[in-house]
Amino acid sequence: MSRMMGGLPVRISGIQHIGLTVPDMEEAVAFFTRIFGAVCVMECGSVDVDDEFMIRRLGVPSGRRIKDQRVIRLGNGGNLELFEYSGEPDQTPVKQNSEIGACHFALEVKDAVEATERLRAAGVDVLDGPTLITSGPMEGLTWVYLRSPWGQFLELVSTTGPMGYEKSDGPRMWSPSE
């Protein structure tokens, strides 16, 4: 049972950015720029703070530092804030989509089938698909998963008209193409 607490929910305008830690900043920026036409809008470089700041403000263990920080913009949507850290002793692989804390984000394209062909031709690791959903709330959505060079899962999506859930009068998902 959920209870409303004094003044909640907090009114938001929308997603401003998504933060993503990458193993190599140059590789990440080059990937997003070459493959998706991303534009780097801000370069912050390293962050010179102490352990206390990292622990209390970022929830990062002692000895870790932000080696590089940049913000890129992908198309007509939110921003990606990329971080490269130093001091992490064991670089674990990106979590599988089934693991708690795993993350992927979807990029909307005009035609996911055509975009998939171009990505495969460019040597991008694209999983099976694309897949067209033909019934249910996501009817009309075409999607495909891919991986960045460091293993981060991404998704491409496209639609050719309203999705199945849009047949009702409920709220709609935001789309960068609108």
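These figures come from a predicted structure and were not determined experimentally.

### Overview of the overall build of the protein chain
Piece 1. Along the backbone of the protein chain there are three helices and nine strands.
Piece 2. In sequence order, the secondary structure elements of the protein chain are arranged as β-α-β-α-β-β-β-α-β-β-β-β.
Piece 3. A buried classification covers 29% of the 178 residues belonging to the protein chain.
Piece 4. Within the protein chain, counting contacts between residues at least 6 apart in sequence, those at least 24 apart form 53% of the total.
Piece 5. Here the protein chain has roughly 12000 Å² of accessible surface; of this, 53% comes from carbon and sulfur atoms.
Piece 6. Taken as two groups, the 17 positive and 25 negative side-chain charges of the protein chain have centres that lie 4 Å from each other.

### With respect to the nonpolar core
Piece 1. Ranked by size, the top nonpolar core spans 24 residues in total, and within it Phe31, Phe32, Leu80, Leu82, Phe105 and Leu146 carry the most contacts.
Piece 2. Of all the secondary structure elements, the ones that give two or more residues to this core are helix H1 (25-36), strand E4 (79-86), strand E5 (104-108), helix H3 (112-121), strand E8 (141-147) and strand E9 (153-159).
Piece 3. Among the elements that make up this core, the one with the highest residue count is H1 (six residues).

### Re the sheet that holds strand E2 (residues 39-43)
Piece 1. Across the sheet, which stays open at both edges, the four strands sit in the order E1-E4-E3-E2 with mixed pairing between neighbours. Of all the strands in the sheet, just strand E1 (17-21) and E2 have a single pairing partner and so form its edges. Shown here is a sheet whose adjacent strand axes are inclined to one another by a mean of 30°, direction ignored.
Piece 2. Pairing analysis gives four bridges linking E2 to strand E3 (residues 65-73), with the strands arranged antiparallel. Pairing of glutamate 43 across the sheet is with arginine 70, part of E3.
Piece 3. Along the sheet, H1 contacts E1, E3 and E4; its crossing angle with E4, the most-contacted strand, is approximately 160°.

### Here we look at the packing of aromatic side chains
Piece 1. A complete count under the given rule lists nine aromatic pairs for this structure.
Piece 2. Between the aromatic rings of tryptophan 143 and tyrosine 145, the centroid separation amounts to 5.7 Å while the plane-to-plane angle is 80°, which identifies the pairing as edge-to-face.
Piece 3. Looking at tyrosine 145, the relative accessible area reads 17%, which means it is buried.
Piece 4. Three or more aromatic residues link up through ring pairs in this structure, and these residues are Phe31, Phe32, Phe36, Phe105 and Trp150.

### Overview of the side chain of glutamate 84
Piece 1. By the element assignment, glutamate 84 lies in strand E4.
Piece 2. A polar side-chain atom of glutamate 84 sits 2.9 Å from the main-chain amide nitrogen of methionine 25.

### A word on the pairing of E5
Piece 1. Burial along E5 is one-sided: the face carrying Phe105 and Leu107 is buried and the face carrying His104, Ala106 and Glu108 is not.
Piece 2. Pairing between E5 and E9: five bridges, direction parallel. Note that in E9 the partner of histidine 104 across the bridge is phenylalanine 153.

### Some points on a nonpolar patch on the surface
Piece 1. Together, Leu8, Val10 and Ile12 make up a nonpolar patch on the protein surface, roughly 310 Å² of accessible area in all.
Piece 2. By the secondary structure assignment, isoleucine 12 is in the segment before E1.

### Digging into unusual backbone geometry
Piece 1. The omega torsion of the bond from glycine 129 to proline 130 falls at 10°, within 30 degrees of zero and hence cis.
Piece 2. Its place among the elements puts proline 130 in the loop between strand E6 (125-126) and strand E7 (131-132).

### A short note on the environment of arginine 64
Piece 1. Within the fold, arginine 64 resides in the loop between helix H2 (51-58) and E3.
Piece 2. With ten residues separating them along the chain, arginine 64 and methionine 54 place their C-alpha atoms 7.5 Å apart.
Piece 3. Excluding residues within four positions of it along the chain, arginine 64 makes contact with Met54, Tyr85, Ser86, Gly87, Glu88 and Pro89.
Piece 4. Within the structure, arginine 64 has its side chain in polar contact with the backbone oxygen of serine 62 (distance 2.8 Å).
Piece 5. In terms of polar contacts, arginine 64 uses its side chain to reach the side chain of glutamate 88, at 3.0 Å.

The rules behind these values
Residues numbered from 1 in each chain as written. Predicted model: local features only at pLDDT ≥ 70, side-chain atom pairs only at ≥ 80, totals over all residues. Heavy atoms only, no water. Helix = DSSP H or I, 4+ residues; strand = E, 2+ residues; numbered from the N terminus. Buried < 20%, exposed > 50% of the residue type's maximum accessible area, 1.4 Å probe, protein only. Contact = heavy atoms within 4.5 Å. Areas by Shrake-Rupley, 256 points an atom, 1.4 Å probe, with all protein chains shown as cover. Lys, Arg positive; Asp, Glu negative; His and termini not counted. Charge placed at Lys NZ, Arg CZ, Asp CG, Glu CD. Core = buried A, V, L, I, M, F, W, Y, C linked by side-chain atoms within 4.5 Å. Pairing = 2+ DSSP bridges. Axes fitted to C-alpha atoms, helices over the stretch in contact; angles between N-to-C directions. Phe/Tyr/Trp six-rings, centres within 6.5 Å; stacked < 30°, edge-to-face > 60°. Polar contact = N/O pair within 3.5 Å; in protein donor to acceptor, adjacent residues only side chain to side chain. Patch = residues over 30% accessible without salt bridge, like charges linked within 9 Å, V, L, I, M, F, W, Y side chains within 5 Å. Salt bridge = Lys/Arg side-chain N within 4 Å of Asp/Glu carboxyl O.

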